[in-house]
Amino acid sequence: MADRVRIYEVGPRDGLQNEATAVPLEAKLRYIELLVAAGLREVEASSFVAPKAIPQLADADDLLPRLPASSGVRFPVLIPNMRGMERAEAAGAQALAVFTAATDAFTERNIGMTVAASLEAFSPVLARAADLGWWRRGYVSTAFGCPYTGAVAPRRAVEVALRLLDLGVDEVCFGDTIGVGVPNQVQALVDASMAAGIPLERIAFHFHDTRGTALANVLAGLAAGIRCFDASAGGTGGCPYAPRAAGNLATEDLVYLLDASGYDHGVDLAGVLAAARYITQVLGRPLASKVGQAGGWDPATGAATARA
Ligand code: MG
């Protein structure tokens, strides 16, 4: 099934964590319901970091037990340490993500420790999750560039990915945290991963559209054999390193590209747009994604589809 692509939805976690407006619990649940109704089968739901650190996601303990009981949907949660793991277990989580980066300068400013120290903190979390049979993902942020140290060599991102795989993650996700990456870097990172023995099916990419390169990078990933991409319905999140700029690739933009290119992914564009419109309304701002503005397109009639 080489043409089957997984769309990993990050809106409720990565998107909402970076929005200034705190979204009420009921609205988060509605957003997630709409995403599941659109066919998304992997929805990163929240984060069990200290509530003071990320107040936008402080309601994770209340959100998790109320997630839709839809079979076949994975709701990973971000967990930084054993305290977070205990909370996530109590709330009924069954899948997790851990978050580190390719550069110490970034993790030190973001999570207050070096990359090596972050991996040490994840070790018992990932061991416990393995005992419980949870699915596990590891993020390598700043894989394409760091806001504090500049260019990042692919081998450095791959070294961190290998450490995460050693600690038992099922999948590593390379993040273009500041949206500076271009397609030949995607190819270089895949080449370096393969040279290090990382199977393609254990690699995902998290692109930001900050400089308009996210879909071009997806195409480079597809051409290199990658079949999992992160996106956020409504393009929520923005870019903390470039005020007013785009951050997460919008799920609706990704779905349009994959549909029109003939990839199978199981997600309905009109459904994603419903979720995107809903959450941007809650956030009190316009839906800025390209497909959010233009709608889809029906090749049978030539008409735009799923417009507001
Ligand atoms: Mg992001």
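From a predicted model like this one, the values you see are computed outputs, not experimental measurements. (Residues numbered from 1 in each chain as written. Predicted model: local features only at pLDDT ≥ 70, side-chain atom pairs only at ≥ 80, totals over all residues. Heavy atoms only, no water.)

### A word on the packing of aromatic side chains
In this description, a pair of aromatic rings is defined by centroid distance and the angle of the planes.
Next up, step 1: Inspection of the entire model under this criterion finds 8 aromatic pairs.
Next up, step 2: Aromatic pair Tyr8 and Trp135: ring centres 6.1 Å apart, planes at 35°, arrangement tilted. Within this pair, whereas Tyr8 is found in strand S1 (residues 6-9), its partner Trp135 is found in strand S5 (residues 135-141), the two being separated by 127 residues in sequence.
Next up, step 3: We classify Trp135 as buried; its relative accessible area is 13%.
Next up, step 4: Residues Phe205 and Phe207 carry aromatic rings whose centres are separated by 5.1 Å and whose planes lie at 10° to one another, so their mutual orientation is stacked. Neither Phe205 nor Phe207 differs from the other in exposure class; each is buried.
Next up, step 5: Site record: aromatic cluster; members linked through ring pairs are Phe144, Phe174, Phe205, Phe207 and Phe229. (Phe/Tyr/Trp six-rings, centres within 6.5 Å; stacked < 30°, edge-to-face > 60°. Helix = DSSP H or I, 4+ residues; strand = E, 2+ residues; numbered from the N terminus. Buried < 20%, exposed > 50% of the residue type's maximum accessible area, 1.4 Å probe, protein only.)

### Re the coordination of the magnesium ion
Next up, step 1: Bound to the magnesium ion on the protein side are Asp14 (OD), His206 (NE2), His208 (NE2) and Asn248 (OD1), at distances that span 2.0 to 2.2 Å.
Next up, step 2: Read from N- to C-terminus, the donor residues coordinating the magnesium ion fall into the pattern D-x191-H-x1-H-x39-N. Linking Asp14 in helix H1 (residues 11-17) with Asn248 in the loop between strand S8 (228-231) and helix H10 (251-261), this pair joins segments that are 234 residues apart in sequence.
Next up, step 3: Its relative accessible area of 9% is what places Asp14 among the buried residues.
Next up, step 4: For Asn248, a relative accessible area of 5% puts it in the buried group. (Donors = N, O, S within 2.8 Å, 3.2 Å for Na, K, Ca; no water.)

### Side note on the environment of Gly247
Next up, step 1: Summarising the element assignment, Gly247 is placed in the loop between S8 and H10.
Next up, step 2: Once the C-alpha coordinates of Gly247 and Ile178 are considered, the two residues, 69 residues apart in sequence, prove to be 7.7 Å apart.

### Some details on the side chain of Thr103
Next up, step 1: Following the sequence through the fold, Thr103 ends up in the loop between strand S4 (95-101) and helix H5 (104-111).
Next up, step 2: Classification of Thr103 as buried rests on a relative accessible area of 10%.

### What to know about the pattern of salt bridges
Next up, step 1: As enumerated under the stated definition, the model contains 18 salt bridges in all.
Next up, step 2: The closest approach of N and O atoms between Arg74 and Glu42, which form a salt bridge, is 3.0 Å. Taken as a pair, Arg74 in the loop between helix H3 (60-63) and strand S3 (77-78) and Glu42 in the loop between helix H2 (25-37) and strand S2 (46-47) lie far apart in primary sequence, 32 residues in all.
Next up, step 3: Residue Arg74 is classed as partly exposed on the basis of its relative accessible area of 29%.
Next up, step 4: Exposure remark for Glu42: the relative accessible area of 7% places this residue in the buried category.
Next up, step 5: When salt bridges that share partners are traced, they join Arg6, Glu42, Arg74, Arg137, Glu171 and Asp230 into one network. (Salt bridge = Lys/Arg side-chain N within 4 Å of Asp/Glu carboxyl O.)

### Looking at helix H8 (residues 183-195)
Next up, step 1: With 13 residues, H8 extends 18 Å from end C-alpha to end C-alpha; this agrees with the ideal 18 Å at 1.5 Å per step.
Next up, step 2: Among all positions of H8, only Val186, Leu189, Val190 and Ser193 are buried. Seen along its axis, H8 keeps its buried residues to an arc of 100°; they face one direction. Of the exposed residues in H8, those oriented more than 90 degrees away from the buried face are Asn184 and Ala195. (Expected span 1.5 Å × (residues − 1). Arc of directions from axis to C-beta.)

### A word on the environment of Gly179
Next up, step 1: Following the sequence through the fold, Gly179 ends up in the loop between strand S6 (171-175) and H8.
Next up, step 2: Here the alpha-carbon distance between Gly179 and Gly296, two residues 117 residues apart in the chain, equals 25 Å.
Next up, step 3: Sequence-distant contacts of Gly179, defined by excluding residues within four places in its chain, comprise His208, Thr210 and Arg211. (Contact = heavy atoms within 4.5 Å.)

### Digging into the nonpolar core
Next up, step 1: If you look at the biggest cluster of nonpolar residues, it comprises 101 residues, and the most contacted ones within it are Ile79, Leu96, Leu164, Phe174, Phe205 and Phe229.
Next up, step 2: Broken down by element, this core gets its largest block of residues, 8 residues, from H2.
Next up, step 3: When residues no more than four places from it in sequence are discounted, the contact partners of Phe229 are Val5, Arg6, Ile7, Tyr8, Phe205, Phe207, Val218, Gly221, Leu222 and Leu254. (Core = buried A, V, L, I, M, F, W, Y, C linked by side-chain atoms within 4.5 Å.)

Interpretation note: all reported values are geometric properties and have no functional meaning in isolation.
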